[in-house]
Amino acid sequence: RCLATGQGERHQGRRFSSDLSVDEAVLLKEVGYEPRGLVIGCGVYHIGIQYQNWSNNEEMTGLTQVMYAARADAIRRMQTHAAKIGAHGVIGLKLEVRIDRGSEHLAEFVALGTAVATTAARPGRPWLSDLSGQDLYLLVRAGYTPVDLAFGACVYHIAHQGLSTWVGQATQNVELSNYTAALYEARELAMTRMQEEVRGTGALGVV
């Protein structure tokens, strides 16, 4: 929907686009934020051939590296776009990862969000957040300020079970221990990497 303010005076400035709801737009205005426009960044990478030991749980480091490289490109391009239109941050950030393991072996990382600006912002590159307009409103009212987006990823290969093991478990209720171990290991790696990104940013925590 198109918006206007005042009593019919003509707006001479730049028009903005956004994916904000009405509630989000109103709440942001109450805490001093104005939308500047939709911003996007993307990175497309070719995935090289990676071999794994089918009998072991192990991280597929090549795919993890592709995730980080494609994400870094998408985020950098989004921040450049946001800075060009005078934004101080991005909210409602949506990150979408598509892995094509078909003939072309492509990984695509797309970032989309609404750039916002405020008179209370400090100089520097725009911060990024997946906060909704309502979330940002509540945090600002509570005295918090967004710092940046933290990210952690891990692509993990789960060991294959032997035929005899599979047949022996087919009629039983049993824990698939290889899946459980892989889940814990992959989660720990991803969480540790996210926490490493937070260090040095001055952030108090991650929401």
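Residues numbered from 1 in each chain as written. Predicted model: local features only at pLDDT ≥ 70, side-chain atom pairs only at ≥ 80, totals over all residues. Heavy atoms only, no water.

Asks: Could you clarify how one ought to interpret the overall build of the chain in this entry?
Replies: Helix and strand counts for the chain come out as five helices and six strands. Sequence-ordered secondary structure for the chain, helices as α and strands as β, is α-β-β-α-β-β-β-α-β-α-α. Burial status across the chain gives 31% buried among its 207 residues. For the chain, the share of sequence-separated contacts (at least 6 apart) that also reach a separation of at least 24 residues comes to 75%. If you sum the accessible surface of the chain, you get close to 13,500 Å²; carbon and sulfur atoms cover 53% of it. (Helix = DSSP H or I, 4+ residues; strand = E, 2+ residues; numbered from the N terminus. Buried < 20%, exposed > 50% of the residue type's maximum accessible area, 1.4 Å probe, protein only. Contact = heavy atoms within 4.5 Å. Areas by Shrake-Rupley, 256 points an atom, 1.4 Å probe, with all protein chains shown as cover.)

Asks: Mind showing me how you'd approach helix α2 (residues 61–84) here?
Replies: Since the α-helix advances by 3.6 residues per turn, residues separated by three or four positions end up pointing in the same direction. The terminal C-alpha atoms of α2 lie 35 Å apart, and with 24 residues this matches the ideal 34 Å at 1.5 Å per residue to within 8%. Those residues of α2 that sit buried are Leu63, Thr64, Val66, Met67, Ala70, Arg71, Asp73, Ala74, Ile75, Met78, Gln79 and Ala82. (Expected span 1.5 Å × (residues − 1).)

Asks: Mind showing me how you'd approach the pairing of strand β4 (residues 106–118) here?
Replies: Consecutive side chains along a regular strand alternate between the two faces of the sheet. Of all 13 residues making up β4, 10 are buried, and the element is well covered by its neighbours. Of the pairings in the sheet, the one linking strand β1 (residues 33–46) to β4 comprises 13 bridges and is antiparallel in character. Paired with glycine 43 across the bridge in β4 is phenylalanine 109. (Pairing = 2+ DSSP bridges.)

Asks: So what exactly am I meant to see when it comes to the environment of threonine 114 here?
Replies: Structurally, the position occupied by threonine 114 is in strand β4. In the structure, threonine 114 is positioned 27 residues away from alanine 87 in sequence and 9.4 Å away in space, judged by C-alpha atoms. Setting aside residues up to four positions removed in sequence, threonine 114 forms contacts with Ser18, Asp19, Leu20, Pro35, Gly37, Leu38, Gly89, Val90 and Ile91.

Asks: Looking at this model, I keep getting lost on the packing of aromatic side chains. Mind explaining?
Replies: To describe a pair of aromatic rings, you give the distance between the ring centres and the angle between the ring planes. What the rule picks out here adds up to three aromatic pairs. Here the aromatic rings of tyrosine 33 and tryptophan 127 are separated by 6.4 Å at their centres, their planes lie at 75°, and the arrangement is edge-to-face. Note that tyrosine 33 is positioned in strand β1 and tryptophan 127 in strand β5 (residues 127–128), a separation of 94 residues in sequence. Both residues of the pair, tyrosine 33 and tryptophan 127, belong to the buried class. Between tyrosine 68 and phenylalanine 151 the ring centres are 5.4 Å apart and the planes differ by 80°, which places this aromatic pair in the edge-to-face class. Taken as a pair, tyrosine 68 in helix α2 and phenylalanine 151 in the loop between α3 (133–141) and β6 (156–157) lie far apart in primary sequence, 83 residues in all. (Phe/Tyr/Trp six-rings, centres within 6.5 Å; stacked < 30°, edge-to-face > 60°.)

Asks: Any chance you could explain a nonpolar patch on the surface here in plain terms?
Replies: Taken together, Leu38, Ile40 and Leu112 make up a surface patch of nonpolar side chains, about 210 Å² in accessible area. Following the sequence through the fold, leucine 38 ends up in strand β1. (Patch = residues over 30% accessible without salt bridge, like charges linked within 9 Å, V, L, I, M, F, W, Y side chains within 5 Å. Salt bridge = Lys/Arg side-chain N within 4 Å of Asp/Glu carboxyl O.)

Asks: Would you take a moment to explain the nonpolar core for this structure?
Replies: Among soluble globular proteins, nonpolar side chains are generally buried collectively. Within the largest apolar cluster, 18 residues are counted, with the highest numbers of intra-cluster contacts made by Val39, Met78, Leu93 and Leu128. Sorting elements by how many residues they give to this core places α2 first, with six residues. Listed in part, the 10 residues of the second largest apolar core include Leu28, Ile91, Trp127 and Tyr137. (Core = buried A, V, L, I, M, F, W, Y, C linked by side-chain atoms within 4.5 Å.)

Asks: Can you help me understand the confidence of the model for the chain in this one?
Replies: Any segment with low pLDDT has predicted coordinates that should not be analysed in fine detail. When pLDDT is averaged across the chain, the result is 81; 81% of the residues are at 70 or more. The lowest-confidence element of the chain is helix α4 (residues 163–169), averaging 54 in pLDDT; the highest-confidence one is α3, averaging 93. (pLDDT = per-residue confidence, 0-100.)

Asks: What is the right way to look at α3 in this model?
Replies: Where α3 is concerned, the buried positions are Gly133, Leu136 and Tyr137. The arc enclosing the buried residues of α3, seen along the axis, measures out at 100°, which places them on a common side. Once α3 finishes, glycine 143 follows within two positions and takes phi at roughly 95°, a positive value. (Arc of directions from axis to C-beta.)

Asks: Just checking my understanding: could you explain the pattern of salt bridges for this structure?
Replies: Any two side chains of opposite charge can pair, given that their charged atoms come close. For the structure on display, the rule yields five salt bridges. Arginine 76 serves as the salt-bridge partner of aspartate 73, at 3.0 Å between the closest nitrogen and oxygen. Of this pair, aspartate 73 and arginine 76 are both found in helix α2, three residues apart, which corresponds to roughly one turn of the helix. With a relative accessible area of 12%, aspartate 73 lands in the buried category. Measuring nitrogen to oxygen at the nearest pair gives 2.6 Å for the salt bridge that ties arginine 125 to aspartate 148. Of this pair, arginine 125 sits in the loop between β4 and β5 while aspartate 148 sits in the loop between α3 and β6, and the two are 23 residues apart along the sequence.

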